Amino acid sequence: MSAVFVRYKRLIRIWAWTVVFAATLGAQAARADSMTVNVDQAQVMKLPERVATIVIGNPLIADAALQHGGIMVITGKGYGSTNVLALDRKGQVVMDKAVYVRGAIGGDLVMVYRGAERESYSCTPDCEPRITLGDAQGYFTQVLGQSGSRTGQAQAGAK
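Residues numbered from 1 in each chain as written. Predicted model: local features only at pLDDT ≥ 70, side-chain atom pairs only at ≥ 80, totals over all residues. Heavy atoms only, no water.

1. So, the pattern of salt bridges
Quick reminder of the rule: Here, a salt bridge means any side-chain nitrogen of Lys or Arg that lies within 4 Å of a carboxyl oxygen of Asp or Glu. Only DSSP runs of H or I with at least four residues qualify as helices, and only runs of E with at least two residues qualify as strands; both kinds are numbered from the N terminus onward. Throughout, exposure labels follow a simple rule: accessible area from a 1.4 Å probe, protein chains only, divided by the maximum for the residue type, with under 20% read as buried, over 50% as exposed, and the rest as partly exposed.
Under the defined criterion, the tally for this structure stands at four salt bridges. The salt bridge partner of Arg130 is Asp40, with a shortest N-O separation of 3.9 Å. Pair noted here: Arg130 is in strand β10 (residues 127–130) and Asp40 is in the loop between β1 (34–38) and β2 (42–46), with a separation of 90 residues, a long-range link. Linking Glu119 and Arg114 is a salt bridge whose minimum nitrogen-to-oxygen distance equals 3.3 Å. Residue class for Glu119 comes out buried when judged on its relative accessible area of 14%. With a relative accessible area of 53%, Arg114 lands in the exposed category.

Structure follows, in structure tokens:
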């Protein structure tokens, strides 16, 4: 009876180490299954085979555009985190990737504070108004209106 108990104890020990090892590998894979994108920038990613549908958890944070050849472009829309799912034709999940969107980085972004109000400028090399999440409402609306007006005029001129 003691030989059976020793074998049983040994099997439990092997099983426990297997579980610990598998959990460690799973944690590593989960960390590798994420991507970081800056607001207002895009990253290209290759999709797994057999993808038929893409779902973005929160489209206010990130957006995805499918391209030919199994390529997807992820664009950062707002600060935060979300996920992107890729489904095959049967509705099975073939990819679940976390997407983290962070603020703009680089030496060309200058923020001017007037009390609690913030304005953002892109200085490459001359400083021009830039629309950035978190800017003062009046400034944001004014710059957005000017940008939209300019785009409308350019599109009307192209016709």
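The discussion continues.
2. Topic: the nonpolar core
Inside soluble globular proteins, nonpolar side chains tend to come together where they are buried. Put simply, the test is: Residues grouped as a nonpolar core are buried Ala, Val, Leu, Ile, Met, Phe, Trp, Tyr and Cys residues, joined through side-chain atoms within 4.5 Å. The contact definition used throughout considers only heavy atoms, calling two residues in contact when any of these lie within 4.5 Å.
Formed by 15 residues in total, the largest nonpolar core has its most connected members in Met35, Met72, Ile74, Val84, Met95, Val99 and Val101. Of all the secondary-structure elements, those providing two or more residues to this core are β1, β5 (71–76), β6 (80–87) and β7 (93–102). Ranked by residues supplied to this core, first place goes to β7 with three residues. If we ignore the near neighbours within four places in the chain, the residues touching Val99 are Met35, Val37, Ala62, Ile74, Gly80, Ser81, Thr82, Asn83 and Val84.

3. A look at the packing of aromatic side chains
Our working definition: Centres within 6.5 Å are what make two rings of Phe, Tyr or Trp a pair, Trp counting through its six-membered ring; a difference in plane orientation under 30 degrees is then read as stacked, over 60 as edge-to-face, and the rest as tilted.
For the structure shown, the criterion picks out one aromatic pair. Ring centres of Tyr121 and Tyr139 lie 5.7 Å apart, and the angle between their planes is 55°; on these two criteria the pair is classed as tilted. Linking Tyr121 in strand β9 (residues 117–123) with Tyr139 in helix α2 (residues 137–158), this pair joins segments that are 18 residues apart in sequence. For the residue pair Tyr121 and Tyr139, the accessibility class agrees, reading buried in each case.

4. Looking at the sheet that holds β1
Within a sheet, adjacent strands bond to each other through the backbone by hydrogen bonds, running parallel or antiparallel. Using the following cut-off: Two strands pair if DSSP finds at least two bridges between them. For helices, the axis comes from a line fit to the C-alpha atoms of the stretch in contact; other axes are also lines fit to C-alpha atoms, and the angle between any two N-to-C directions lies between 0 and 180 degrees.
Reading across from one edge, β1-β7-β6-β3 is the order of the four strands in this open sheet, with mixed pairing throughout. At either end of the open sheet lies a strand with only one pairing partner, and these are β1 and β3 (53–56). When strand polarity is set aside, the average angle formed by the axes of neighbouring strands in this sheet is 25°. Alignment of β3 against β6, held across four bridges, turns out to be antiparallel. Within β6, the residue paired with Val55 across the bridge is Leu85.

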